[in-house]
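Observations on the three-dimensional arrangement
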Amino acid sequence: MGKKKILAVDDEPNILMSIEFILEMEGYEVHTARDGEDALEVAERVRPDLILLDVNMPRKDGYEVCRLLRERADMAGTKVIMLTAKGQTLEKKKGLEVGADEYVTKPFSAEDLLEKIRAMIEP
Amino acid sequence: MTADQEARPPRRKKSLRHRLIVSLTGLAVLPLIVAMAALFFVVRDDVGGIHGSQLAQEAGQFADRLRGELQRYHQTAAALAALPEVRGYLSGSAPFPKELLSSARQSIPMITGIDLVPAGRPAGQGSSTPLVSGKNLEYRLAVTDPNGKPLGVLVISYALEGLQQLFAPSQKGKPGGAVLFTDGGQRLAGDPGIPLPPLAESETGWVTFGSGGESYLAGVTAVRAPGGTVPRDWFLAVVQPASQAFGHLYSVSRQVAFFVILFVILVAALAWWMADQYMRPILEIRRGAEIISRINLDHRIKVDAGDEIEELAIEFNLMAENLARAYGELEGRVREATRTLQEERNRLATVLRTMVDGVVVANEAEETILMNPRARIILGRGYTSGIGSALSRIFPGERLGFHLKRLRRGWDPGREAAEEVVFPLRDGKLLKGSLSVVPGTAGEQAGFLLVFRDLSTPTEEGARFEETLREMPQLLRGPVATSRSLVETLQRHREMSAEKQQAFLTALAEEMDRLSGRVTAMEEAARTARESRWPAIPSNPRELLDEAVVSVAGLAVEIEESGDPIPPVLVEPFSWVASMECVLEWLGQRGAGGLPIGANLRVEDGTVVTTFRVKCPFAGDPAELETLELSPEGEEPLPLGETVRKNRGELWTRSCGDSFEVRLALMQAGAVSEGRRADGLIEGEPEFYNFDLFLPRPVFEREELLNANLADLDYVVVDTETTGLQLSQGDKVISISGIRIRRGRVQNAGIFNTLVNPGRLIPPESVEIHHIEDYMVTGAPSMSEVYPQFVEYVGDAVLVAHNAAFDKKCLDMAAAEAGLPQIDNPILDTLFLSYALHQEIEGHSLEAIAARMGVTIEGRHTSLGDARATAHIFLDLLTLLPARGVRTLAEAKAFCDRHLLLRWQTSRF
C-alpha cells in the first residue's frame, strides 16, 4: 500500500507551502491547487484520499468544489475537510450540507489538523 | 356662554298672545251673549204666555159654543121625551110618531137619527153619557110617565162632523187647530193630524208639549158631555205649533245673533291688535335677550313703550351690562390663562421641534394628532400629511397592535405605563422607542405618545468605521492563520533545510506585512470616524460674519454689501466664527498691517463663499493658514484646516496682483439632501391640532348627511364678487372665496381665495363697490379653471352662503362653462336662517345681521371678507337653532322652508 494522497487547496501560497511541508513530513503524498477549477482538475488526476479545501477562493469557492466532487460516484470515498476563516456555525452547517466531512477554522494549529486527518485516513 | 348655548329652553306650552286675545274678546263678548240669551228666554216666555192665554181663551170660547150646542140637543131631546105621542108609543098606547120625529130631526141638521126603544127591548136602557158609535154620537134619554115610571128610551144620534163645524174658524197653522177628545184620549172631533195635548190640571189653561219632535202650545178646556155625570168628560183643545207661535221671535233672534257674531269678530280683531301692541315690546325683549344670551353680550334691547315693560328692558340691559362686565373680567382671566397656555405650548413646541427623537401623539382611536418635525423626517412624511391618519398606516400595524394591546391591558389610571417598542419600517429604517398612554383630564386613557429614534441611519463616517470593524476579523484571519501555520512548522521541524527555513521566514515576513497593512487600514477608519464632521445647524452667514468681525479687536474690517439675498448655510456656528476670527487675525498680523480688510459674501454654485481681502501683496506663507491652531477654552486645539473641513467647508487663498484673498466656502442649507437633514437640521413647527381631535372623528356617509347633527358637519362658506348683479345678462365672477368650518370652528388654515378673470371689462360702478380693477384680474385664472379646484376644495362639505341663490347661480354658470356637473352639495343660506330665526326683525342684509350679532366685517365686498363674516354669522345662527328644535341638516332646511312660506303668506296681506 502506497502513501495516502492528500490534495490541499488554498489561494494563499504561504499557507499552502506550510501545510504541504507538514503533511509531507507526516508521510502523506501531498498535491496542491490554488483555486477551485484547479482543485477539480488535480483531484481528477491524482484521486486523493482526502482534500483540504479552503472556502474562500477565486474561480469556484470551496462549497462549489465540494458539491461537484460529491456529485461524482467515483470520488465517493474521498474525504473533505473544509478550511475557512469564517467561524460562524452557519458556515459550518453549510459546509456539512454540501458534503464536507470535517471543518477546520483558521487559524488552526498543525496538531489539530493532523489529528483530524489521522482520524480519517492513516498515512 | 357655552353652558347657555347648550341649554335648551323649555318649549312654550301656552301662547301669551292667544291668552290675551281670548281674554280681551271674552271680556267684551261674554256679558253681551249672556244678556242676549236672558232677554231671549224672557221674551220667549212672554210670547209663550200670551199665545197660551189666547189659545186657552179661544178654547174656552169654543167650549162655550159646544156647551150651548149640546144644551140645544138636550133641550130638543127633553122636549121630544115630554111629548104625549112619544110616551104613548112607548107605553104601547099610540103608534110610532114618525112625523113628529122626522120634523124634529129636520129642525136640527146635525141629528142623523132619532129612535124610540120601549122598555124591555134590548138597548132600551137610558144612559146619562152619550155613546160614540162610528161617526155618530148617540144620546139616550130615559122617558118616564108623569108618575116617574120608565117607559123606554129616546135615542138621538148626532153627527160628530157637525161638531167639527163649531171649531172650523180655528186655524192655527199646520198642524194646528181645535180638537175635541175624551179623557181616554179618544178623538171626537178635529183634524186627525193635530196632536193631542196632555190634560190640563185646571178647568181651563194652556200647556206646551212636544210630539213627534215638534213643540206645540195648546189651550185646553174641559167640557161636560151632554147628560154626563162629571164636568170633565170631554176636553177641547186649541193646538198651535210653537214654531208658528214663536216664528217672529225666532226670525228676530236670528238677526240679533248675526249682529252679535259680527260684533264678536270685530272684538276679536280688535283684541288681536291690542295683543299685538302688548306683545311687541315683550317679543322685542325676548329677541334681544336671545341675542344677548347667545350671541352678542353687547347687544342692547330698545323698547320705548314708556311703561313697566320698558323698565323691564332697562333692567335687563343693566343685567346684560353687569354680565358683560363680569364676562369681560372672565375673558381677561381666560386671556391670561390662554397666554400662559400659549407660552407653555410654545415651550412644548420648541422642545418638540428641537428634540432629536421623533414624537407622535395619537388619540384613543389611534389617529395621529401631532407629529414633530423629526418624526416627519424619520417617517418620510411631508409637512401636511400624516396628521389624522391612522397610526397603523405609519407604523407596522400588527406590531403596533401588539404593543397597544399590552399597553391597554397593563394600564392603570394614575400610573405611568410605557412599552418599549421596535418598529422596522418598509423603507429599511429601524425605529426604537417607547409607547405610552396619554391620560385624559378624568384620568382616562385619552391617547398615545410614541417617542422614537432611528437606529438605522448612523453617520457616514460611523458607518464606514463600523463596516471596517465588521470585516476586520475576516481580513486578519487569513494572515494570522498563515503566520501561525508557518511558525508552527518552523518550530516542529527544526531539522528542515536552511533553504526551506529561509523560504518559510520570507513567507512569514510577507504575512506580517499584510497583517500590519490591515491594522493600519483599521486605524485609519477609526480615526476618520473620530474626526467626523460636526453636526450642522442652518445659520445666517451674514450674522456669523458680523459676529466674527465684532469679536476681532483692533482690526478694521469693511463688509461689502452685495445686495443679493444670502441663503442660510450649514455650519457649526461657534467653530465657524472662531475660524473666521482666526483668519482675520492672521491677515491682520501677516498682511495688511493697518490696512482695512474687505469682506463679502457671495453665493456660488450651492455654496456661500466668504471672502476676506487685503489690498497689498501678501508676504506670509499661505500654507501656514491650514495649520493655524484654534484652541477654545476647555477644548483640544484643532488646526484651522480641520475645523473648516469638519464644518463641510473649504478654505483656500488667492493672490491676484496687489491684493490677497482668503476664501471660506460653506454649503447652503437648501443644497443638503433629505438624508443629511436627518442629521440635525429640522425646519418648521410641529403642527398643533385642535385637541378636540382626541375624540375620534365621526365619518359620515353622504346619505346620512341630512340626519347628521349640524354641529358635527363640515361646511364651506362661499362668497363671490361679480362684475354686476345681472348674471343672466353677462355679468361674471371676478373673485371667489371659500372658508372651511370644521367642528364648529373656522379653519383659518385652509382658505380658498382667488381672483378670477371675467373675460370682460369690469364696469366702473361695480369697481366702486369691490375695488377690483381690470388690471388686477388679467393674470387671474378663468372661472372654468377655478371651478374644478373649488369643487375639489368643497368636497363633501355643506355649502353655506348669504343669499345662496346668487352664489349657486355663479357656480352653476361656471359648471356650464367648464362642461362639468353642477355642484350638488346641500346648501344652507344665512339669509334664510336669519329670516327664519328673527322674522320679526327687519333687515337681513349681511351688514344688518353682522351688526346684530356683533360680528365685524373686515373687508366688506371682498369675497374673503364677506365669506369670513358669513362664516361667523353662520356659526352664531347655528347656536340659536337647537332652541328651535332644529338639530339636523334636514330640520334646518325644513325650518327655513316653513318660515319662508309663512313670510311669503304674510307678505300677501
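**Some points on the overall build of chain A**
Of the regular secondary structure elements, chain A holds 5 helices and 5 strands. Its helices and strands in sequence order give chain A the pattern β-α-β-α-β-α-β-α-β-α, from N to C terminus. A buried classification covers 50% of the 123 residues belonging to chain A. Considering only contacts in chain A between residues 6 or more positions apart, those separated by 24 or more positions represent 62%.

**A look at the side chain of His31 of chain A**
Residue placement: His31 of chain A occurs in strand β2 (residues 29–33). In this structure the side chain of His31 of chain A is engaged in a polar contact, spanning 2.8 Å, whose partner is the side chain of Glu29 of chain A.

**Here's the deal with the interface of chain A and chain B**
Frequently, the measure chosen for interface size is the accessible area removed from exposure when the parts meet. Taken together, the 22 residues of chain A in the interface contact 22 residues of chain B. Here chain A meets chain B over a buried area of about 1800 Å², counting both sides, of which 58% is carbon and sulfur. Taken together, the connections running from chain A to chain B amount to 3 salt bridges. The closest approach of N and O atoms between Arg514 of chain B and Glu12 of chain A, which form a salt bridge, is 3.0 Å. Taken together, the connections running from chain A to chain B amount to 10 residue pairs in polar contact (both at pLDDT 80 or more). Counting only elements with at least two residues in the side of chain A that touches chain B, the list comes to α1 (13–26) and α5 (110–120) of chain A. Of the residues assigned to the side of chain A that touches chain B, the class counts are 11 nonpolar, 6 polar and 5 charged.

**Notes on the nonpolar core**
Leu66, Leu154, Leu180 and Trp234 of chain B are the most contacted members of the largest nonpolar core, which totals 45 residues. At 10 residues, the largest contribution of residues to this core is made by helix α2 (residues 16–82) of chain B.

**Here we look at the packing of helix α6 (residues 242–294) of chain B against helix α7 (residues 308–354) of chain B**
All names here are of chain B. Relative orientation of the contacting elements α6 and α7 amounts to 5°, with a least axis distance of 10 Å. With respect to α7, the axis of α6 lies roughly parallel. Between α6, through Tyr278, Pro281, Ile282, Ile285, Ala289 and Ile292, and α7, the contact on the second element is made entirely by Ile309, Leu312, Ala313, Phe316, Asn317 and Ala320. For the contact of α6 with α7, a count of residues per class yields 11 nonpolar, 1 polar and no charged.

**Observations concerning helix α2 (residues 36–46) of chain A**
Residues and elements named next belong to chain A. Among the residues of α2, Gly36, Ala39, Val42, Ala43 and Val46 are the ones counted as buried. The buried side chains of α2 occupy one side of the element, clustering within an arc of 120° when seen end-on. Among the exposed residues of α2, those oriented more than 90 degrees off its buried face are Glu41 and Arg45. Capping the start of α2, Asp35 holds a side-chain oxygen 3.2 Å from the backbone nitrogen of Glu37, two or three residues further along. One or two steps after α2, the chain reaches Arg47, where phi turns positive at roughly 50°.

**Brief notes about the side chain of Thr870 of chain B**
On the secondary structure map, Thr870 of chain B appears in helix α24 (residues 863–880). Those residues in contact with Thr870 of chain B, other than ones at most four positions away along the chain, are Val717, Ala801, His802, Thr830 and Leu846 of chain B.

**Remarks on the packing of aromatic side chains**
A complete count under the given rule lists 15 aromatic pairs over all chains for this structure. With 5.4 Å between their ring centres and 65° between their planes, Phe21 of chain A and Phe504 of chain B make a pair best called edge-to-face. Here Phe21 of chain A, found in helix α1, pairs with Phe504 of chain B, found in helix α12 (residues 498–530), and the two come from separate chains. An identical accessibility class is assigned to Phe21 of chain A and Phe504 of chain B; each is buried. An angle of 75° between the planes, with centres 5.6 Å apart, marks the rings of Phe395 of chain B and Phe452 of chain B as edge-to-face. One end of the pair, Phe395 of chain B, is in the loop between α9 (391–394) and α10 (397–410); the other, Phe452 of chain B, is in strand β14 (residues 445–454), and 57 residues separate them in sequence. Joined through ring pairs, the aromatic side chains of Phe40, Phe41, Phe246 and Tyr250 of chain B make up one cluster. A cation sits over an aromatic face here: Arg740 of chain B above Tyr793 of chain B, 4.6 Å from the ring centre.

**Points about the sheet that holds strand β9 (residues 234–241) of chain B**
Residue and element names in this part refer to chain B. The antiparallel open sheet is built from 5 strands, whose spatial order is β6-β5-β9-β8-β7. Whereas interior strands pair on both sides, the edge strands pair on one side only; in this sheet they are β6 (187–190) and β7 (204–211). Each neighbouring strand pair of the sheet contributes to a mean axis angle of 25°, computed without reference to strand direction. Sitting on the sheet, helix α5 (residues 160–167) touches β5 (177–182), β6 and β9, and the angle it makes with β6 is about 50°.

**Some thoughts on helix α13 (residues 541–551) of chain B**
All names here are of chain B. Buried within α13 are the following residues: Pro541, Leu544, Leu545, Ala548 and Val549. Taken end-on, α13 shows its buried residues confined to a sector of 135°, consistent with a single buried face. Residues Glu543 and Val550 are exposed on α13 and point more than 90 degrees away from its buried face. Among the residues of α13, the N-terminal cap falls to Asn540, whose side-chain oxygen and the backbone nitrogen of Arg542 are separated by 3.0 Å.

**Structural notes on the confidence of the model for chain B**
Should the pLDDT be low somewhere, the predicted coordinates at that spot are not to be read in detail. Residues and elements named next belong to chain B. When the pLDDT values of chain B are averaged, the result is 79; 86% of them are 70 or greater. No element of chain B has a lower mean pLDDT than helix α17 (residues 674–677), which averages 34, and none a higher one than strand β24 (residues 715–722), which averages 91. The low-confidence segment residues 1–7, where pLDDT is below 50, has 9 contacts with residues more than four positions distant or belonging to other chains. Overall, residues 671–701 carries pLDDT values under 50, and its contacts beyond four positions in sequence, including any with other chains, amount to 82 contacts.

**What about the pattern of salt bridges?**
Where charged atoms from two side chains of opposite charge come close, those side chains can pair. Tallied over the full model, the rule gives 39 salt bridges over all chains. Of the charged contacts, one joins Arg47 of chain A and Glu44 of chain A as a salt bridge, the two residues approaching to 3.7 Å between their closest N and O atoms. Given a relative accessible area of 33%, Glu44 of chain A falls into the partly exposed group. In this structure, the salt-bridge partner of Arg492 of chain B is Glu111 of chain A, at a minimum N-O distance of 2.6 Å. Note that Arg492 of chain B is positioned in helix α11 (residues 460–492) and Glu111 of chain A in helix α5, a pairing that runs across two chains.

**Description of unusual backbone geometry**
Phi at Arg47 of chain A takes a positive value of approximately 50°, unusual for a residue other than glycine. You can see Arg47 of chain A is positioned in the loop between α2 and β3 (50–54). Backbone geometry at Arg743 of chain B places phi at a positive 55°, although glycine is not the residue there. With respect to the secondary-structure elements, Arg743 of chain B resides in the loop between β25 (733–742) and β26 (745–755). In this structure Arg743 of chain B comes out as partly exposed when scored by relative accessible area, which is 24%.

Conventions used here
- For every chain, the first residue of the written sequence is number 1, and numbering continues from 1 onward in sequence order.
- All chains are assigned letters beginning with A, and all ligands numbers beginning with 1, in the order in which they are written.
- Selection of residues for local features in this predicted model requires a pLDDT of at least 70, selection of side-chain atom pairs for listing and counting requires 80 or more, and totals for whole chains, interfaces and linings are taken over all residues.
- No hydrogens and no water enter the side-chain calculation; it runs on all heavy atoms of the structure.
- Helix and strand assignments come from DSSP, with helices taken as H or I runs of at least 4 residues and strands as E runs of at least 2, each series counted from the N terminus.
- Each residue gets one of three labels from its accessible area relative to the maximum for its type: buried under 20%, exposed over 50%, partly exposed in between, using a 1.4 Å probe on protein chains only.
- The criterion used for residue contact is that any of the two residues' heavy atoms lie within 4.5 Å.
- Here a polar contact is taken to be a pair of N or O atoms separated by no more than 3.5 Å, where protein atoms must pair a possible hydrogen donor with a possible acceptor and residues adjacent in sequence count only if both atoms sit in side chains.
- Summed over both partners, the accessible area lost on bringing two parts together, with a 1.4 Å probe, is the buried area.
- Throughout this description, the term salt bridge denotes a Lys or Arg side-chain nitrogen within 4 Å of a carboxyl oxygen of Asp or Glu.
- Note on residue classes: Ala, Val, Leu, Ile, Met, Phe, Trp, Tyr, Cys and Pro are nonpolar, Asp, Glu, Lys and Arg are charged, and everything else, Gly too, is polar.
- Definition used in this section: a nonpolar core is a set of buried Ala, Val, Leu, Ile, Met, Phe, Trp, Tyr and Cys residues joined via side-chain atoms within 4.5 Å.
- Helix axes are fitted only over the stretch in contact, all axes being lines through C-alpha atoms; the angle between N-to-C directions runs from 0 to 180 degrees.
- Note on terminology: angles under 35 degrees are roughly parallel, angles over 145 are roughly antiparallel, angles of 65 to 115 are roughly perpendicular, and the others are oblique.
- Note that the arc is computed from the directions linking the helix axis to the C-beta atoms.
- Aromatic pairing here means that ring centres of Phe, Tyr or Trp (its six-membered ring) are within 6.5 Å. Orientation follows from the plane angle: under 30 degrees is stacked, over 60 is edge-to-face, and everything else is tilted.
- Put simply, a charge is over a ring when the Lys NZ or the Arg CZ is close to the ring centre, within 6 Å, and near the line of the ring normal, within 35 degrees.
- Note: two strands are recorded as paired if DSSP finds a minimum of 2 bridges between them.
- Each residue carries a pLDDT score, the predictor's confidence in it, ranging from 0 to 100.

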